[in-house]
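# Architecture at a glance
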Amino acid sequence: MNRLGILLSGRGSNFLAIADSIAAGKIPNTEIAVVISNKPYAPGIEAAEKRGLNAHVIQSKGLSRAEHDAAIVTCLREHRVDLVCLAGYMRLISSTFLEAFPNRVLNIHPSLLPAFPGLDAQRQALEYGVQISGCTVHFVDENLDHGVIVLQRSVSVLPDDDEHNLSTRILEQEHIAYSEAIRMVLSGEYEIRERRYVKN
Ligand code: GRF
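Right, let's walk through the structure included here. (Residues numbered from 1 in each chain as written. Predicted model: local features only at pLDDT ≥ 70, side-chain atom pairs only at ≥ 80, totals over all residues. Heavy atoms only, no water.)

### With respect to the site of the ligand
Looking at the ligand, the residues that line it are R11, G12, S13, N14, G88, I108, H109, P110 and E174. Interatomic distance of 2.9 Å between a backbone N/O atom of I108 and a nitrogen atom of the ligand. Starting from 360 Å² of accessible surface for the ligand in isolation, the protein chains cover 86%. Among the domains, domain 1 (1-102) and domain 2 (107-200) are the pair contributing at least three residues each to the shell around the ligand. (Near = heavy atom within 4 Å. Polar contact = N/O pair within 3.5 Å; in protein donor to acceptor, adjacent residues only side chain to side chain. Areas by Shrake-Rupley, 256 points an atom, 1.4 Å probe, with all protein chains shown as cover. Domains from an automatic or database assignment.)

The following block contains the structure:
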């Protein structure tokens, strides 16, 4: 059984979409081993508790990044996690964390990277005037929103779009993309050549 560890800080809709995909058999042979939030009362962690999943709050407040990441790695190891999925986790990951899970940490970002990394990607896309945006699932490396791309899905920007409308349509695609990317990575049927995810 593949064991996922989900890290989140807020709403948790991507986490719920992953949980629903697993329940629907779309990510075979996989379970959510643990959900961790750095924020108490995050709706995502409350939803995890309601679903009866292992749910932990590990607050970053008052800890150095190294201390906080060490506590998270310990928790992930205790739950024998194979693949870590950042799902609206609003913290940078240290290299020590990445060394504990080499090529085993995924993130989802609401733009077609490398365009518009960082916060408010949908607003950045609107302000720039792009006509196509979307979402990207990528491996996490030391740099923000930068690692090898596993999967992207595009979304047209419509003339009347505001940040809310565009974010909503991108989010629908995120919910499809993340589960599909997790399935692809867990299948093991790929190699990474330079920066390219290549299916075997
Ligand atoms: C998503 O837009 C995701 O791409 C970004 O943060 C947001 C998290 O939303 N990294 P949710 O908590 O999964 O609903």
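On we go from here.
### Topic: helix α3 (residues 65-78)
For α3, with 14 residues, the first-to-last C-alpha span of 20 Å sits near the 20 Å given by 1.5 Å per residue. H68, D69, I72, V73, C75 and L76 are the residues of α3 that are buried. Axial view of α3: buried residues confined to an arc of 160 degrees, hence all on one face. Structural note: α3 exposes A66, R77 and E78 on the side pointing more than 90 degrees away from its buried face. Those residues of α3 that are buried are in contact with β1 (2-8), β2 (30-37), β3 (55-57), β4 (83-86) and α4 (95-100). (Helix = DSSP H or I, 4+ residues; strand = E, 2+ residues; numbered from the N terminus. Expected span 1.5 Å × (residues − 1). Buried < 20%, exposed > 50% of the residue type's maximum accessible area, 1.4 Å probe, protein only. Arc of directions from axis to C-beta. Contact = heavy atoms within 4.5 Å.)

### Concerning the packing of helix α1 (residues 13-23) against helix α6 (residues 163-187)
Between α1 and α6, the least distance of the axes is 9 Å, while the angle of their chain directions is 50 degrees. When the axis of α1 is compared with that of α6, the two are oblique. For the pair α1 and α6, the sense of crossing is right-handed. Residue-level contacts link S13, N14, A17, I18 and S21 of α1 to L171, E174, H175, Y178, S179 and I182 of α6. (Axes fitted to C-alpha atoms, helices over the stretch in contact; angles between N-to-C directions. Parallel < 35°, antiparallel > 145°, perpendicular 65-115°, else oblique. Left-handed = near helix turned anticlockwise from the far one by under 90°.)

### A closer look at the pattern of salt bridges
Think of it this way: side chains of opposite charge can pair up when their charged atoms draw near. What the rule picks out here adds up to 8 salt bridges. Between R169 and D161 there is a salt bridge, and its shortest N-O distance comes to 2.8 Å. The exposure class of D161 is buried, given its relative accessible area of 13%. Of the charged contacts, one joins K199 and E189 as a salt bridge, the two residues approaching to 3.8 Å between their closest N and O atoms. One end of the pair, K199, is in strand β9 (residues 196-199); the other, E189, is in the loop between α6 and β8 (190-193), and 10 residues separate them in sequence. For K199, a relative accessible area of 60% corresponds to the exposed category. Taken together, the shared-partner salt bridges in this structure form one network comprising D120, R123 and E163. (Salt bridge = Lys/Arg side-chain N within 4 Å of Asp/Glu carboxyl O.)

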